[in-house]
Amino acid sequence: MATNIDIKAVEQRAWRSFFSDGRLELTFGLAFLLMGLLIITSEEGLLYWIMVAALLIIPGSVGIICKKFISEPRIGRVTFSRKRRLNMAGAVLFLAAAVLFGMAAWLVMPSFSPATGSWLSANWVLVLLIAKVVLVFAAIAYFLDYWGVFIIGLGLAASFFAREVWGTAILFFIVGAVITLFGIGKLVTFIRKNPVVPAEEE
């Protein structure tokens, strides 16, 4: 007797499992921690540029390594539908646009410090930055159908707010540590639930 298989439901479960290994949380958590270190590092000297390079290289590399040596050996490589692939591409484009916008804002917008501008100007820039972060992460969460990304975005917005209003990078470290530990927990759970199946000998 033929069995009806809901292909969309199967793909939905596979898509959900795509985020079950904690790679995304580890990537963002490490990025938060490195951003905190970058903020407290002097903008002059070799150490600052080492931190910039670390921020650009380490988080993404950790995600790629986890995928190659932990996730794929356990659940294999999944090819999703064209719609899912387009959604993922849209999320990447949104993130890239956000990074470029942030770099442009860093260069052309006035400082948040009231010593170099009015409070109105400072607050306008801060509100724009916070709104940009929240909207971008909301769009990424929508495209990925994973709203954990939006919560991460709220943490980033709160960290920027604390940095500019109270002059402290502590929230980058707190939020980054929480996200990183959560990602490690998900990764450990994923490894326990999905042991590597030895290849059958011919």
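About the thresholds
Residues numbered from 1 in each chain as written. Predicted model: local features only at pLDDT ≥ 70, side-chain atom pairs only at ≥ 80, totals over all residues. Heavy atoms only, no water. Axes fitted to C-alpha atoms, helices over the stretch in contact; angles between N-to-C directions. Helix = DSSP H or I, 4+ residues; strand = E, 2+ residues; numbered from the N terminus. Parallel < 35°, antiparallel > 145°, perpendicular 65-115°, else oblique. Left-handed = near helix turned anticlockwise from the far one by under 90°. Nonpolar A, V, L, I, M, F, W, Y, C, P; charged D, E, K, R; others polar. Core = buried A, V, L, I, M, F, W, Y, C linked by side-chain atoms within 4.5 Å. Buried < 20%, exposed > 50% of the residue type's maximum accessible area, 1.4 Å probe, protein only. Contact = heavy atoms within 4.5 Å. Expected span 1.5 Å × (residues − 1). Salt bridge = Lys/Arg side-chain N within 4 Å of Asp/Glu carboxyl O.

Asks: Before we move on, can you summarise the packing of helix H2 (residues 23-40) against helix H3 (residues 46-75) with the specific residues and values?
Replies: Running from N to C, H2 and H3 cross one another at 165°; their axes reach a closest spacing of 9 Å. Between H2 and H3, the angle falls in the class roughly antiparallel. As for how H2 packs across H3, the hand of that crossing is right-handed. The residue makeup of the contact of H2 with H3, split by class, is 16 nonpolar, four polar and two charged.

Asks: Give me the lowdown on the nonpolar core, citing residues and values where you can.
Replies: What tends to happen in soluble globular proteins is that the nonpolar side chains get buried as a cluster. Membership of the largest hydrophobic core comes to 26 residues, with the highest contact counts inside it found for Leu24, Phe32, Leu144, Val149 and Leu156. Elements represented by at least two residues in this core include exactly H2, helix H4 (82-108), helix H5 (119-144), helix H6 (148-166) and helix H7 (170-193). The dominant element in this core, judged by the number of residues it contributes, is H5, at nine residues. The residues touching Leu24, leaving out its near neighbours within four places in the chain, are Phe19, Leu144, Tyr146, Val149 and Ile152. Residues Leu34, Leu38, Met51 and Ala54 belong to the second largest nonpolar core, which totals six residues.

Asks: Outline H6, supporting the account with residue identities and numerical values.
Replies: Counting along an α-helix, one turn takes 3.6 residues, and residues three or four places apart therefore face a common direction. Taking 1.5 Å per residue as the helical rise, H6 with its 19 residues ought to reach 27 Å, and the 27 Å between its terminal C-alpha atoms agrees with that figure. Of the residues one or two after H6, Gly167 is the one with positive phi, at around 70°.

Asks: Would you mind going over the pattern of salt bridges in detail, with residue names and values included?
Replies: Applying the stated criterion across every chain, the model contains two salt bridges. A salt bridge links Arg23 to Asp21; the nearest nitrogen and oxygen atoms lie 2.6 Å apart. Asp21 matches Arg23 in its accessibility class, with the two residues each being buried.

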